[in-house]
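So you can see what is in the structure, the chains are spelled out below.
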Amino acid sequence: MVSNSSRLLAAAGLSLILLLGGCKSSKPVRAAGGSVKPESQRKQAPDFSLKDGDGRTVRLADYRGKIVLLNFWATWCGPCKIEMPWFMDFERRYKDQGFAVIGVSMDEEGWSVVKPFLEDLAVNYRILLGDATIAELYGGVEALPTTFLIDREGRVAATHVGLAGKSQFEDGIQTLLASTAAGISAGAK
Amino acid sequence: MASRRFWPALLPGFLLAQSSGVLSLAPVEKLAARRGATVDAKMAFILQPGYHTNSHTPSEDYLIPLKLTWDKGPLEVVEVVYPKPHFEKYSFSEKPLSVFTGNFHIVTRFKVAAGTPSGPNMMSGKLRYQACNDKACLPPKNLEVKLPVVIQ
């Protein structure tokens, strides 16, 4: 009987771990890389209002007309550190074609940890300090890095959750740049 | 037979699992502590497969260390002993990182705090951790830890 009770308790304990653990735990985060969606499937990227390191208010709407790579990251996120030099490269190469990178730091400690980190990496694109509101607007942003590629009309053209390949981002940027160029060229005729 | 349908209702409170994010604490047994002696509480943590947490001594400055802290209570912390970390290489790291994976134990050595009355009591603490898989990281979380104690 004692043995049966112990087994019963152990089994019940294990069930509870699985039950409660399963209820409260996050869903496994799998890297998801999105190629550029057809225009008909793109949804409007939520507008936001956040501060940059100089205290200036920045809105996504300020970037209307540009292709925007919106990257959620944090200083404690190893995979984010891999992507940042790629984004710096994109900013340098495509800035003149109407492209911009915006980084949104999700560090709870704020600029005191973010600014030294940016200086170390010599980041050349705009960084904003994120909060729960923007995370909510963009679907929770449970895993970092999470990156959205936004077209010139302010619609989400691609989403990448987790570390993606540099070429995946670049293919998306070039596709959007090319579609704009094609549109301009068609309009000119 | 009927009672088997109500297992959870029969469980003592201290056997409840504690969980936050991808990390859970296995059911904790009541700890008996005698005055004048030290006592070890060994707690088993369970990390979801595919994830790792930084160890208490991360390899890089920018990484958030795992840390178990206890609130002031009937027991005083003498020492927290963490397991030996693994060193594992991930796609986002140039060199192997000091991490915990799978199931691991943390031992806290306690002594009875002065002036604590005999009888049942509770220690509360939190395990701060930050987990990643090979491609993405989750925000730092605090796993609340409850340890029932009996002061003898």
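Bear in mind that the values here come from a model prediction, so they are computed numbers and not experimental data.

J.: For this particular structure, what's the right way to read the packing of aromatic side chains?
T.: The relation between two aromatic rings is expressed through the spacing of the ring centres and the mutual angle of the planes. Residue and element names in this part refer to chain A. By the definition in use, this model includes 15 aromatic pairs over all chains. Measuring from ring centre to ring centre gives 6.4 Å for Trp86 and Phe169, while their planes differ by 55°; the resulting arrangement is tilted. Taken together, the residues Trp86 in helix H2 (residues 78-94) and Phe169 in helix H5 (residues 166-188) connect sequence positions 83 residues apart. With relative accessibility at 3%, the residue Phe169 sits in the buried group. Where Phe87 meets Phe169, the ring centres are 5.1 Å apart and the plane angle is 85°; that geometry is what we call edge-to-face. Remark: Phe169 occurs in helix H5 and Phe87 occurs in helix H2; sequence separation between them is 82 residues. Ring pairing ties together the aromatic residues Trp86, Phe87, Phe90, Tyr94, Phe99, Tyr125 and Phe169, which thus form one cluster.

J.: What's the story with the pattern of salt bridges in this structure? I'm lost.
T.: Think of it this way: side chains of opposite charge can pair up when their charged atoms draw near. All names here are of chain A. A complete count under the given rule lists 14 salt bridges over all chains for this structure. As a salt-bridge pair, Asp151 and Arg42 come within 2.9 Å of each other at their nearest N and O atoms. Of the two residues, Asp151 is situated in the loop between strand E8 (146-150) and strand E9 (155-161) and Arg42 in the loop between strand E1 (32-33) and strand E2 (43-44); the sequence distance between them amounts to 109 residues. You can call Asp151 buried: its relative accessible area is 3%. Note that Arg126 is salt-bridged to Asp52, the shortest N-O span being 3.3 Å. Separated by 74 residues along the polypeptide, Arg126 in strand E7 (residues 126-129) and Asp52 in the loop between strand E3 (49-51) and strand E4 (57-59) bring together distant segments of the chain.

J.: Hey, could you run me through the sheet that holds strand E5 (residues 52-54) of chain B in this one?
T.: Read across the open sheet, the four strands follow the order E8-E9-E5-E12 (chain B); overall the sheet is antiparallel. Both outer strands of the open sheet, strand E8 (86-88) and strand E12 (131-132) of chain B, are each paired with one neighbouring strand and no more.

J.: Is there a simple way to think about the sheet that holds strand E4 (residues 38-47) of chain B in this case?
T.: Consider a sheet: its strands pair through backbone hydrogen bonds, and that pairing is either parallel or antiparallel. Residues and elements named next belong to chain B. Strand order in the open sheet formed by five strands is E1-E2-E4-E10-E7, and the pairing between neighbours is antiparallel. Edge strands, defined here as strands with exactly one partner in the open sheet, are strand E1 (18-20) and strand E7 (75-81). Across this sheet, the average inter-strand angle for adjacent strands is 25°, counted without regard to direction. The pairing of strand E2 (residues 23-25) with E4 spans three bridges and is classified as antiparallel. Note on E4: the bridge partner recorded for Ser24 is Ile46.

J.: When you look at the packing of H2 of chain A against helix H3 (residues 111-121) of chain A in this model, what are you seeing that I'm missing?
T.: Geometrically, a packed helix pair is captured by the angle between its two axes and the distance between the axes. Residues and elements named next belong to chain A. Where H2 contacts H3, the two axes come as close as 11 Å, and the packing angle between them is 60°. As the angle between them shows, H2 and H3 are arranged oblique. The handedness of the crossing between H2 and H3 is right-handed. In this structure, H2 contributes Lys81, Met84 and Met88 to the contact, and H3 contributes Phe117, Leu118 and Leu121.

J.: Help me understand the confidence of the model for chain A, please; the structure alone is not making it clear to me.
T.: Detailed reading of the predicted model is not advised wherever pLDDT is low. Residue and element names in this part refer to chain A. Residues with a pLDDT of 70 or more make up 77% of chain A, whose mean pLDDT is 84. Counting interchain partners and residues more than four positions distant, the pLDDT-below-50 stretch residues 1-27 has 34 contacts. Long-range and interchain partners of residues 185-189, a stretch whose pLDDT sits below 50, account for zero contacts in this model, where long-range means more than four residues apart.

J.: Explain the state of the cysteines to me, please; I cannot follow it from the model alone.
T.: Should the sulfur atoms of two cysteines be covalently bonded, the bond is a disulfide. Here the structure, examined in full by the defined rule, presents two disulfides over all chains. Two residues, Cys77 of chain A and Cys80 of chain A, share a disulfide whose sulfurs are 2.2 Å apart. Across the S-S bond of Cys77 of chain A and Cys80 of chain A the torsion is about 80°, and the bridge reads as right-handed. Under the relative-accessibility criterion, Cys77 of chain A is labelled buried at 0%. For Cys80 of chain A, a relative accessible area of 1% gives the class buried. Between the sulfur atoms of Cys132 of chain B and its disulfide mate Cys137 of chain B the distance is 2.1 Å. Taking the sign of the S-S torsion, about 95° here, the bridge from Cys132 of chain B to Cys137 of chain B comes out right-handed. The exposure classification of Cys132 of chain B matches that of Cys137 of chain B, with both residues buried.

J.: How should H3 of chain A be read in this particular structure?
T.: The periodicity of an α-helix, 3.6 residues per turn, causes residues three or four positions apart to be oriented the same way. Residues and elements named next belong to chain A. Buried within H3 are the following residues: Trp111, Val114, Phe117 and Leu118. Buried residues of H3, viewed axially, fall in a sector of 135°; they line one side. Facing away from the buried side of H3 by more than 90 degrees, the exposed set consists of Ser112, Glu119 and Asp120. For H3, the secondary structure elements touched by its buried residues are E3, strand E5 (67-73), H2, strand E6 (99-105) and E7. Phi turns positive, to about 55°, at Ala122, one or two residues after H3.

Conventions and cut-offs
- Residues numbered from 1 in each chain as written.
- Chains lettered and ligands numbered in written order.
- Predicted model: local features only at pLDDT ≥ 70, side-chain atom pairs only at ≥ 80, totals over all residues.
- Heavy atoms only, no water.
- Phe/Tyr/Trp six-rings, centres within 6.5 Å; stacked < 30°, edge-to-face > 60°.
- Helix = DSSP H or I, 4+ residues; strand = E, 2+ residues; numbered from the N terminus.
- Buried < 20%, exposed > 50% of the residue type's maximum accessible area, 1.4 Å probe, protein only.
- Salt bridge = Lys/Arg side-chain N within 4 Å of Asp/Glu carboxyl O.
- Pairing = 2+ DSSP bridges.
- Axes fitted to C-alpha atoms, helices over the stretch in contact; angles between N-to-C directions.
- Parallel < 35°, antiparallel > 145°, perpendicular 65-115°, else oblique.
- Left-handed = near helix turned anticlockwise from the far one by under 90°.
- Contact = heavy atoms within 4.5 Å.
- pLDDT = per-residue confidence, 0-100.
- Disulfide = S-S within 2.5 Å.
- Arc of directions from axis to C-beta.

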